[in-house]
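Given next are the chains, with one letter for each unit.
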Amino acid sequence: GRRIAIGNFKELNIIVKGDTDGSIEALSDSFIKLSTEKIKVDVIYKAVGQISESDVTLADASDAIIVGFQVRPSAAARKQAEQDGVEINTYSVIYDAIDDVKSAMEGMLEVREVYKISKVGTVAGAYVTEGKVHRSDRARVVRDGIVVHTADINALKRYKDDVKEVAANFECGISLVNFNDIQVGDILETFTEIEVQQKL
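A brief look at the structure comes next. (Residues numbered from 1 in each chain as written. Predicted model: local features only at pLDDT ≥ 70, side-chain atom pairs only at ≥ 80, totals over all residues. Heavy atoms only, no water.)

### Examining the packing of aromatic side chains
Now for step 1: A full pass over the atoms with the stated rule returns 0 aromatic pairs.
Now for step 2: Cation over ring: Arg112 sits above Tyr127, and NZ or CZ is 4.2 Å from the ring centre. (Phe/Tyr/Trp six-rings, centres within 6.5 Å; stacked < 30°, edge-to-face > 60°. Lys NZ or Arg CZ within 6 Å of the ring centre and 35° of its normal.)

### So, unusual backbone geometry
What is expected of a backbone is that most residues other than glycine have negative phi and most peptide bonds are trans.
Now for step 1: Backbone geometry at Tyr159 places phi at a positive 55 degrees, although glycine is not the residue there.
Now for step 2: Take Tyr159: its relative accessible area is 73%, and that puts it in the exposed class.
Now for step 3: Backbone geometry at Asn169 places phi at a positive 75 degrees, although glycine is not the residue there.
Now for step 4: Tracing the backbone through its elements, the reader meets Asn169 in the loop between β11 (165-167) and β12 (171-176). (Buried < 20%, exposed > 50% of the residue type's maximum accessible area, 1.4 Å probe, protein only. Helix = DSSP H or I, 4+ residues; strand = E, 2+ residues; numbered from the N terminus.)

### Comments concerning the nonpolar core
Now for step 1: Leu109, Val128, Ile153, Leu156, Ile174, Leu176 and Leu188 are the most contacted members of the largest nonpolar core, which totals 19 residues.
Now for step 2: Of all the secondary-structure elements, those providing two or more residues to this core are β5 (108-117), β6 (121-130), β8 (138-143), β9 (146-158) and β12.
Now for step 3: Dropping the residues within four chain positions of it, Leu176 is found in contact with Ala139, Val141, Ala151, Asp152, Ile153, Asn154, Ile182 and Leu188. (Core = buried A, V, L, I, M, F, W, Y, C linked by side-chain atoms within 4.5 Å. Contact = heavy atoms within 4.5 Å.)

### Structural notes on the pairing of β5
When a strand is regular, its side chains alternate between the sheet's two faces.
Now for step 1: The sheet contact formed by β5 and β6 spans 9 bridges and is antiparallel. Note on β6: the bridge partner recorded for Tyr115 is Val123.
Now for step 2: Counting the residues that bridge the hairpin from β5 to β6 gives 3 residues, and of these Lys119 lies at a positive phi of roughly 75 degrees. (Pairing = 2+ DSSP bridges.)

### Observations concerning the side chain of Thr122
Now for step 1: Here Thr122 is to be found in strand β6.
Now for step 2: Of the polar contacts made by the side chain of Thr122, one reaches the side chain of Lys116; its length is 3.4 Å.
Now for step 3: Within polar-contact distance, the side chain of Thr122 engages the backbone oxygen of Asn180 at 2.7 Å. (Polar contact = N/O pair within 3.5 Å; in protein donor to acceptor, adjacent residues only side chain to side chain.)

### Examining the side chain of Thr190
Now for step 1: Relative to the assigned elements, Thr190 resides in strand β13 (residues 187-191).
Now for step 2: For Thr190, a relative accessible area of 1% puts it in the buried group.

### A look at a nonpolar patch on the surface
Now for step 1: On the surface, Ile44, Tyr45 and Leu58 cluster together into a nonpolar patch covering about 230 Å² of accessible area.
Now for step 2: One can find Tyr45 in strand β2 (residues 40-48). (Patch = residues over 30% accessible without salt bridge, like charges linked within 9 Å, V, L, I, M, F, W, Y side chains within 5 Å. Areas by Shrake-Rupley, 256 points an atom, 1.4 Å probe, with all protein chains shown as cover. Salt bridge = Lys/Arg side-chain N within 4 Å of Asp/Glu carboxyl O.)

### Some details on the environment of Ala124
Now for step 1: Take Ala124: it is sitting in strand β6.
Now for step 2: A relative accessible area of 0% places Ala124 in the buried class.
Now for step 3: Sequence separation between Ala124 and Val111 is 13 residues, and the spatial gap between their C-alpha atoms is 6.0 Å.
Now for step 4: Once you skip the residues sitting within four places of it in the chain, Ala124 turns out to touch Val111, Glu113, Cys172, Gly173, Ile174 and Ile182.

Set out below in structure tokens:
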């Protein structure tokens, strides 16, 4: 699935289509449980069957993403989604769908100043705009809407102290492993990579 962009809204509306009632219920329940105090996840519609034009119309009207499990969009729905800019993500593993939604909800930082420190490299003075940033996260560097780099976080600091996490509305210093080309105005999206144990 492509990356689900949260943007600035604090609500993530999802339309779930799937092959069976069981898979739809499992996904819907899992998505709703991902809600945090910062971002509310809502399943606004769920049904068995392929992804139709009416699903795309509803998604467009309610700013929702469409998650399909073991189903695909009809040709007409796919065409309409492209025209309307509606995001359709299809999955065949429930964990993948949950992980994608979850990682889309992780932290976001805005780079406000950049320091060059010898032996350390570039440190970004950043402001956490949403979610929470964890020292163990990976980060995507987004410049003018394009992901230019993905790297592990090298250091996360509040003032001079190393910290494990920084919450929304706080400033922090952050540096990335082997990446010194951070610029003012870059957005850093942090996410947790989850190792999923496949059940055979």
